[in-house]
Amino acid sequence: MASRSLLVLALVSSCLFAVHAQKDAAPAPKSAGPINLTAILEKAGQYTTFMRILSSTQVSNQIYNQLNSSDQGMTVFAPTDNAFNNLKPGTLNGLSTQEQVELVLYHVLPKYYSLVMFETASNPVRTQASGQGGGQFGLNFTTSANQVNVSSGMVDVILNNALRQEFPLAVYQVDKVLLPLDLFGAKPPASPPPPPSPSTDGKKPKSSSSGPAASADDEKSSAVRNIMGLGLVAGIAAMFMGFL
């Protein structure tokens, strides 16, 4: 019995030693590094124009900082180079720097959305541009047959390729640039100037004494005065002739 107990203890000790040895030999899990949107787009290819605008407007830095500090995650719609090439010539150059920032931010949602999550999204969905310059900058999503369609009010496009769909970042390819109504929609007509305020004393304003009409009136008055003077002189002369 004693020998059998010693054997059991030896087996248990050897098993414990082996477990500890495996734990010590197992590599430590690698810590996840910061997520870089530009690196994802560069690896996928065909997003050169979008990356250039992200960099020139410094929106890429804003996304990087927010993405790695927020617990809501982010969603990015990346237009292809062909999408930008199909724009009307001069579309981008006709935008101010602030408007270019708004256009890029319009392609970013301040929350992580998988394709399935769009089925329950409440339209319009706010973008990073919402509230910029007083505009709404919302997007509308519809789903059918496992297909997600996004609309800006001016552009409708299907979400095709998912470059990344893992929290906290989702990146979806779009084959058209999402043009917001706030930037490219019809502008309301300018308001007409207000009517002149009425005179405070209720009297008609006096006519100006300048101009051709005023000169003609002055000449007419002068002629009348001359005629009246000549008539007075003729009357006095007639009186003297009567005395003679």
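In this report, the structure presented in the accompanying data block is examined. Everything quoted here is computed from the prediction, not taken from an experiment. (Residues numbered from 1 in each chain as written. Predicted model: local features only at pLDDT ≥ 70, side-chain atom pairs only at ≥ 80, totals over all residues. Heavy atoms only, no water.)

### A short note on the overall build of the protein
For step 1, the next point in the chain: In terms of helices and strands, the protein carries eight helices and eight strands.
For step 2, the next point in the chain: Contacts in the protein between residues at least 24 apart in sequence constitute 66% of all its contacts with a sequence separation of at least 6.
For step 3, the next point in the chain: Working note: accessible area of the protein is about 16700 Å², and carbon and sulfur atoms make up 58% of it. (Helix = DSSP H or I, 4+ residues; strand = E, 2+ residues; numbered from the N terminus. Contact = heavy atoms within 4.5 Å. Areas by Shrake-Rupley, 256 points an atom, 1.4 Å probe, with all protein chains shown as cover.)

### Re the packing of aromatic side chains
For step 1, the next point in the chain: Under the counting rule described, the total for this entry stands at eight aromatic pairs.
For step 2, the next point in the chain: On the basis of an interplanar angle of 35° and a centroid distance of 6.4 Å, the ring pair of F77 and F118 is categorised as tilted. Taken together, the positions of F77 in strand β1 (residues 74–79) and F118 in the loop between β2 (108–109) and β3 (125–126) put the pair 41 residues apart, joining distant regions of the chain. No difference in accessibility class separates F77 from F118, as the two residues are buried. (Phe/Tyr/Trp six-rings, centres within 6.5 Å; stacked < 30°, edge-to-face > 60°. Buried < 20%, exposed > 50% of the residue type's maximum accessible area, 1.4 Å probe, protein only.)

### So, the sheet that holds strand β7 (residues 162–166)
For step 1, the next point in the chain: An order of β2-β1-β8-β7 is seen for the four strands of this open sheet, with the pairing classed as mixed. Of all the strands in the sheet, the pair left with one neighbour each is β2 and β7. (Pairing = 2+ DSSP bridges.)

### A short note on the side chain of S130
For step 1, the next point in the chain: Position of S130 relative to the elements: it lies in the loop between β3 and β4 (138–144).
For step 2, the next point in the chain: At 3.0 Å, the side chain of S130 forms a polar contact with the backbone oxygen of Q136.
For step 3, the next point in the chain: When near neighbours in sequence (up to four residues on either side) are disregarded, S130 contacts G135, Q136 and F137. (Polar contact = N/O pair within 3.5 Å; in protein donor to acceptor, adjacent residues only side chain to side chain.)

### Quick look at the pairing of β4
On a regular strand, one side chain projects to one face of the sheet and the next to the other, so that they alternate.
For step 1, the next point in the chain: Here β3 runs beside β4; their pairing, made up of two bridges, is antiparallel. Pairing of R126 across the sheet is with G138, part of β4.
For step 2, the next point in the chain: Relative to strand β5 (residues 147–151), β4 runs antiparallel, the two being bridged by five bridges. Each residue of the ladder has a partner; that of S144, found in β5, is Q147.
For step 3, the next point in the chain: Hairpin connection from β4 to β5: two residues lie between these consecutive antiparallel strands, with A145 at a positive phi of about 50°.

### Some remarks on the sheet that holds β5
For step 1, the next point in the chain: Spatially, the four strands line up as an open sheet ordered β3-β4-β5-β6, and their pairing is antiparallel. With one partner strand each, in any of the chains shown, β3 and β6 (156–158) form the two edges of the open sheet.
For step 2, the next point in the chain: Bridge count between β5 and β6: three bridges; the pairing is antiparallel. Opposite S151, over in β6, you have D156 as the bridge partner.

### Some thoughts on helix α4 (residues 59–67)
For step 1, the next point in the chain: Residues V59, S60, I63 and L67 constitute the buried set of α4. Looking straight down α4, one finds its buried side chains confined to an arc of 105°; they lie on one side.
For step 2, the next point in the chain: Summarising the contacts, the buried residues of α4 are in contact with α2 (37–44), α3 (48–56), β1, α6 (97–105), β2 and β8 (169–174). (Arc of directions from axis to C-beta.)

### Overview of the nonpolar core
For step 1, the next point in the chain: Within the largest apolar cluster, 51 residues are counted, with the highest numbers of intra-cluster contacts made by L41, F77, F118, F141 and L169.
For step 2, the next point in the chain: The greatest single-element share of this core, amounting to five residues, is contributed by β8.
For step 3, the next point in the chain: Setting aside residues no more than four positions away along its own chain, F77 makes contact with F50, H107, L109, F118, L139, F141, L159, Y172, V174 and L178. (Core = buried A, V, L, I, M, F, W, Y, C linked by side-chain atoms within 4.5 Å.)

### A short note on the pairing of β1
For step 1, the next point in the chain: With six of six residues buried, β1 lies mostly within the body of the structure.
For step 2, the next point in the chain: Here β1 shows two buried faces, one formed by M74, V76 and A78 and the other by T75, F77 and P79.
For step 3, the next point in the chain: Across six bridges, the pairing between β1 and β8 is parallel. Bridging across to β8, V76 finds its partner in V171.
For step 4, the next point in the chain: Summarising the sheet, β1 and β2 pair through two bridges and their orientation is antiparallel.

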